[in-house]
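The chain contents come next:
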Amino acid sequence: MPDCNITRYHFCAPHDALYLAIHYHAVTPMPSSPPLLPARYSPRFTRGFLWYARRLIRKRFHAVRICNHRPESGGLLGSIPPTPVLDRAADPPQIKTFPDAQDAAVSRSTDPAAALTELAGYSGPVLVVLHHTSWWDPLIGLLVSHKLAPGRVHMAPMDIAQLQNFKFLTRLGAFGINPDDPATKDVLLEYVRGYFASTAHPTLWITPQGRFCDPRRPLVIRPGAAAIAACTPAVRVVSVALEYAFWLDQSPEAFVRIATVTPPLGSPSASTTAWHRCILQSMEANASELARSVIARDPAGFTPLIGAGSAKINPMYDLWKKMTGQRNVIDESARSERGLRPAVKR
């Protein structure tokens, strides 16, 4: 005969069925929320770590430069003309243009840092979407944020498994989540709402890509940033693109471009889908504008944040050249003037 242990409960008395139901829920644990490691922000610790980060960046990078914006529109939040964007997925790469200004969603102020500096006095929430291309991104972002918007309180989500190994980062404003768990979205939104409501001048930094991504690959982002923007009507969204390259010095240089993300249809009260599309296109356009400026290799197109002095060769050789009164500067401008290297049109 077949096992009747399962069918037996179909014919039990009503009070027995109620007992089984109560007993089942009592002994069976209810599904728990995804874990979250809260931040323990400390202004004093942040100031000390910022000193260390600035010293480390000066040691490892020749310069950190902020990309200047082309003055083609009437101000930071003004009308936006169609933006040419480099399609890296095409072979060979091709330039495409957004059909309208709302699709571009990138500001073009002449002030390279206006998107952050004019928000320094804004008491409402700010969401910064950051490209994630290397290990240096958080340190560069920390330097930029405290240099251009020092009065704001900055926080950022991080993979909880990684944050468990570096818990000191919670004192910088990092909080841990599981980015691969779909249920994390609700936990993230609840935590961010509380942070925005309880903190003056709150700024949330988030990397929508969710992992390290090569800047030459097509941009793919997760919906977390868009969900936060959609449920926060007063939020202002800023896009920060990062790129690293070698110019004339033996050390690399970090390049940053900052742009305001225009809300969908000019209204911050939009759906997650609309915000997702807007943030994606803004990040693509911002990264393409930065790439074009980096390829041009024109220092005049950038404002140095730190460094950017004369390119060096070797400390001992540089000292010897200085002691003998010889000029020791690597300069390509003379070659361009003689016509040996065609100047890149901007």
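Data block above holds the structure.
What you see as residue numbers is a count from 1 along each chain, following the sequence as written. Local features are withheld for residues below a pLDDT of 70 in this predicted model, meaning they are given only at 70 or higher, and side-chain atom pairs are given and counted only at 80 or more; totals for whole chains, interfaces and linings count all residues. Derived side-chain values reflect all non-hydrogen atoms in the structure, with water molecules and hydrogen atoms excluded from consideration.

### Quick word on the overall build of the protein
Point 1. By the criteria applied, helices consist of DSSP H or I runs no shorter than four residues and strands consist of E runs no shorter than two, each listed in order from the N terminus. A count of helical and extended segments in the protein gives 11 helices and 10 strands.
Point 2. Between buried and exposed lies partly exposed: a residue is buried under 20% and exposed over 50% of the maximum accessible area for its type, with that area taken using a 1.4 Å probe on protein chains only. Taking all 346 residues of the protein together, 43% fall into the buried category.
Point 3. Only heavy atoms enter the contact rule, under which two residues are in contact if any of them lie within 4.5 Å. Considering only contacts within the protein whose residues lie at least 6 apart along the sequence, 75% involve residues at least 24 apart.
Point 4. Summing over all exposed atoms, the protein offers an accessible surface of approximately 19,100 Å²; the carbon and sulfur share of this is 59%. Throughout, the Shrake-Rupley method with a 1.4 Å probe supplies accessible areas, and for residues the shown protein chains are the sole cover considered.

### Concerning the pairing of strand S5 (residues 153-159)
Point 1. Pairing between two strands requires that DSSP report at least two bridges joining them. Inspection of the sheet shows S5 paired to strand S7 (residues 202-206) by three bridges, in the parallel sense. Within S7, the residue paired with Val 153 across the bridge is Pro 202.

### A look at the packing of aromatic side chains
Point 1. Planes of paired rings set the category: under 30 degrees apart is stacked, over 60 is edge-to-face and the rest tilted, where pairs are Phe, Tyr or Trp rings (Trp by its six-membered ring) whose centres lie within 6.5 Å. Scanning all chains against the criterion turns up 12 aromatic pairs.
Point 2. Aromatic pair Trp 247 and Phe 302: ring centres 5.8 Å apart, planes at 75°, arrangement edge-to-face. In this pair, Trp 247 is assigned in the loop between strand S8 (236-245) and strand S9 (253-261) and Phe 302 in strand S10 (residues 302-307), connecting sequence segments 55 residues apart.
Point 3. According to the relative accessible area criterion, Trp 247 is buried, its value standing at 11%.

### Here we look at the nonpolar core
The tendency in soluble globular proteins is for nonpolar side chains to be buried side by side.
Point 1. Definition used in this section: a nonpolar core is a set of buried Ala, Val, Leu, Ile, Met, Phe, Trp, Tyr and Cys residues joined via side-chain atoms within 4.5 Å. Counting 35 residues, the largest nonpolar core has Ile 57, Val 64, Ile 140, Val 144, Val 240 and Val 256 as its most contacted members.
Point 2. Secondary structure elements with two or more residues in this core: helix H2 (43-60), strand S1 (63-67), strand S4 (126-130), helix H5 (137-148), helix H6 (160-165), S8, S9 and S10.
Point 3. In terms of residue count, the dominant contributor to this core is H5 (six residues).
Point 4. Look past the residues within four positions of Val 240 in its chain and what remains in contact with it is Val 128, Val 129, Leu 130, His 131, Trp 205, Val 256, Arg 257, Ile 258 and Asn 286.
Point 5. Among the nonpolar cores identified, the runner-up in size contains 29 residues, and Leu 188, Phe 196, Ala 226 and Ala 270 belong to it.

### A short note on the pattern of salt bridges
Point 1. By salt bridge we mean one thing: a side-chain nitrogen of Lys or Arg within 4 Å of a carboxyl oxygen of Asp or Glu. Inspection of every chain in the model, using the stated rule, returns three salt bridges.
Point 2. Between Arg 65 and Glu 253 there is a salt bridge whose closest N-O contact spans 2.5 Å. Linking Arg 65 in strand S1 with Glu 253 in strand S9, this pair joins segments that are 188 residues apart in sequence. Glu 253 carries the same exposure label as Arg 65, and that label is buried.
Point 3. The shortest N-O distance in the salt bridge between Glu 289 and Arg 292 comes to 3.0 Å. Here Glu 289 and its partner Arg 292 are both found in helix H9 (residues 272-296), three residues apart, which amounts to about one turn of the helix.
Point 4. Judged by its relative accessible area of 3%, Glu 289 is buried.
Point 5. For Arg 292, a relative accessible area of 38% corresponds to the partly exposed category.

### Regarding the environment of Arg 216
Point 1. Here Arg 216 lies in the loop between S7 and helix H8 (224-230).
Point 2. Sequence spacing of Arg 216 and Ala 291 is 75 residues, and the spatial spacing of their C-alpha atoms is 9.5 Å.

### A word on the sheet that holds S8
Point 1. Sheet architecture is open: eight strands sit in the order S6-S5-S7-S4-S8-S9-S1-S10, paired in mixed fashion. Only two strands of the sheet have a single neighbouring strand rather than two, namely strand S6 (174-177) and S10. Going from strand to strand, the sheet's axes swing by 25° on average, the running direction of each strand aside.
Point 2. Judged from the four bridges that link them, S1 and S9 form a sheet pairing that is parallel. Counted as the bridge partner of Arg 65 is Phe 255 from S9. Working convention: axes come from line fits to C-alpha atoms, limited for helices to the stretch in contact. Angles between N-to-C directions cover 0 to 180 degrees.

### Examining unusual backbone geometry
Both trends apply: most residues other than glycine have a negative phi, and most peptide bonds are in trans.
Point 1. With a phi angle near 55°, His 201 is a residue other than glycine that sits in the positive phi range.
Point 2. Mapped onto the secondary structure, His 201 falls in the loop between helix H7 (184-198) and S7.
Point 3. Given a relative accessible area of 24%, His 201 falls into the partly exposed group.
Point 4. A positive phi angle, near 55°, is found at Arg 297, a position not held by glycine.
Point 5. As for its position among the elements, Arg 297 is in the loop between H9 and S10.

### Structural notes on the side chain of His 131
Point 1. On the secondary structure map, His 131 appears in the loop between S4 and H5.
Point 2. His 131 sits in the buried class, given a relative accessible area of 7%.
Point 3. In protein, a polar contact means a hydrogen-donor-capable atom and an acceptor-capable atom, both N or O and within 3.5 Å, with residues adjacent in sequence counting only if both atoms are side-chain atoms; elsewhere, any N or O pair within 3.5 Å suffices. Within the structure, His 131 has its side chain in polar contact with the backbone oxygen of Met 283 (distance 3.2 Å).
Point 4. If near-sequence neighbours (up to four positions away) are discounted, His 131 is found in contact with Asp 137, Gln 209, Leu 219, Val 240, Ala 241, Leu 242, Met 283 and Ala 287.

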